[in-house]
Amino acid sequence: MPYRTLDPEKIIATAANLERRIGERFPGSGLENVGHELVMLARDTAKSADEIARPMWWLRVLIALAVVGGGLVFFLVGSFLTFKRIETDGFNLVQGIEAGINTLVLIGLGVFALFRIEERAKRHAALKGLHAMRSLVHVIDMHQLTKDPVVFSSDFKPTPSSPKRTMSRVDLKRYLDYCSELLSLTGKVAALYAQSLADHDVLEAVNDIENLATNLSRKIWQKIMLLESRG
């Protein structure tokens, strides 16, 4: 269903178009470089998410071989052992049954751990990619941090350490709007991992990034509202 899943190609196209828009209005700016970085990150994420969604057949074959090999070793060791028929009491019988159950439980836990190796490997890859997105969100926030609408107040007096103000009111509004779009797109790129892997830790990390981007975007829109109210 085309409207129930995110299309990585469309997300990449949207990020690339946003990069062009930023470059056309603010050529050579740091924000344009951030837009380019988001495009590259979206492409890498799309590729990584596609790989995560696919079964790791080579790992599954190795696990199957390990399980079969362990079973054969267990069978061969048992075939070399000889047991004499001896009379036993109830206590020894219970001990033997308990030892057999413990052995089967340990074997089952070992097999279960082997089959979860693929899940852990995919989770590790997804969390590593999400860490890069969290860093990009903070980089975007740094670019809008000093863009303060207060500079257009009639009583504003800059200090020697104040950042240089070269943007008009319209340009500043567009700059802040681009920052908000970059944050929103970063959240959508992160959601590609949640779409490819139904893992609790990955879902939590994606939600954290989206919440972070939303909260930062809310601060940006407060600045935009101040610009409009003073226009």
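Residues numbered from 1 in each chain as written. Predicted model: local features only at pLDDT ≥ 70, side-chain atom pairs only at ≥ 80, totals over all residues. Heavy atoms only, no water.

**What about the nonpolar core?**
For soluble globular proteins, the rule of thumb is that nonpolar side chains tend to be buried together. We apply this condition: What makes a nonpolar core is a set of buried Ala, Val, Leu, Ile, Met, Phe, Trp, Tyr and Cys residues whose side-chain atoms join them at distances within 4.5 Å. Three labels apply to residues, based on accessible area from a 1.4 Å probe with only protein chains included: buried if under 20% of the type maximum, exposed if over 50%, partly exposed otherwise in between. Helix and strand assignments follow DSSP, with helices taken as H or I runs no shorter than four residues and strands as E runs no shorter than two, numbered in order from the N terminus. Should any heavy atoms of two residues lie within 4.5 Å, those residues are considered in contact.
Core analysis: the largest hydrophobic core is formed by 45 residues, its most contacted members being Leu130, Met133, Leu182 and Tyr193. Counting only elements with at least two residues in this core, the list comes to helix 1 (8-25), helix 2 (30-53), helix 5 (117-145), helix 6 (169-196) and helix 7 (200-229). Per-element accounting of this core gives the leading share, twelve residues, to helix 6. Those residues in contact with tyrosine 193 that lie beyond four places of it in its chain are Thr45, Ser48, Ala49, Ile52, Ala125, Ala126, Gly129, Leu130, Met133 and Val202.

**Structural notes on the packing of helix 2 against helix 6**
To be explicit about the condition: Only the stretch in contact is used when a helix axis is fitted, and all axes are lines through C-alpha atoms; the angle between N-to-C directions ranges over 0 to 180 degrees. Each angle receives one of four descriptions, namely roughly parallel if under 35 degrees, roughly antiparallel if over 145, roughly perpendicular if within 65 to 115, and oblique otherwise. Classification convention: Asp, Glu, Lys, Arg as charged; Ala, Val, Leu, Ile, Met, Phe, Trp, Tyr, Cys, Pro as nonpolar; all other residues, Gly among them, as polar.
The interhelical angle for the contact between helix 2 and helix 6, taken along N-to-C directions, is 10°, at an axis separation of 9 Å. Relative to helix 6, the element helix 2 is oriented roughly parallel. For the pair formed by helix 2 and helix 6, the contact residues are Leu31, Val34, Gly35, Leu38, Leu41, Ala42, Thr45, Ala46, Ser48, Ala49, Ile52 and Ala53 on the first element and Tyr175, Tyr178, Cys179, Leu182, Leu185, Thr186, Val189, Leu192, Tyr193 and Ser196 on the second. Class assignment of the residues belonging to the contact of helix 2 with helix 6 gives a composition of 17 nonpolar, five polar and no charged.

**As for the packing of aromatic side chains**
Quick reminder of the rule: Side-chain rings of Phe, Tyr and Trp (the six-membered ring for Trp) are treated as a pair once their centres are within 6.5 Å; stacked means planes under 30 degrees apart, edge-to-face means over 60, and tilted covers the remaining angles.
Inspection of every chain in the model, using the stated rule, returns two aromatic pairs. The interplanar angle of 85° and the centroid separation of 6.2 Å between the aromatic rings of phenylalanine 26 and tyrosine 178 together place this pair among those described as edge-to-face. With phenylalanine 26 in the loop between helix 1 and helix 2 and tyrosine 178 in helix 6, this residue pair connects regions lying 152 residues apart in the sequence. No difference in accessibility class separates phenylalanine 26 from tyrosine 178, as the two residues are buried.

**Re the environment of serine 162**
With respect to the helices and strands, the residue serine 162 is situated in the loop between helix 5 and helix 6. Under the relative-accessibility criterion, serine 162 is labelled partly exposed at 22%. For serine 162 and threonine 146, which are 16 residues apart along the polypeptide, the C-alpha to C-alpha distance reads 9.1 Å.

**A short note on a nonpolar patch on the surface**
Selection rule: Residues qualify for a patch when their relative accessible area is over 30% and they have no salt bridge, like charges being joined within 9 Å and the nonpolar side chains of Val, Leu, Ile, Met, Phe, Trp and Tyr within 5 Å. Per-residue accessibility takes into account occlusion by the displayed protein chains alone, with areas from the Shrake-Rupley method and a 1.4 Å probe. Definition used for salt bridges: Asp or Glu carboxyl oxygen within 4 Å of a side-chain nitrogen of Lys or Arg.
A cluster of nonpolar side chains, namely Val61, Leu62 and Leu65, defines an oily patch on the protein surface of about 290 Å² accessible area. Inspection of the secondary structure assignment puts valine 61 in helix 3 (residues 57-80).

**Quick notes on the side chain of lysine 147**
Just so we agree on the cut-off: In this tally Asp and Glu are treated as negative and Lys and Arg as positive; neither His nor the chain ends contributes. Residues adjacent in sequence count toward polar contacts only when both atoms are side-chain atoms; beyond that, a polar contact is any pair of N or O atoms within 3.5 Å, and within protein one must be able to donate a hydrogen and the other to accept it.
Checked against the element boundaries, lysine 147 lands in the loop between helix 5 and helix 6. Despite being buried, lysine 147 has no salt bridge partner; aspartate 141 is the closest side chain of opposite charge, sitting 11 Å away. At a separation of 3.2 Å, a polar atom in the side chain of lysine 147 contacts the main-chain carbonyl oxygen of histidine 143.

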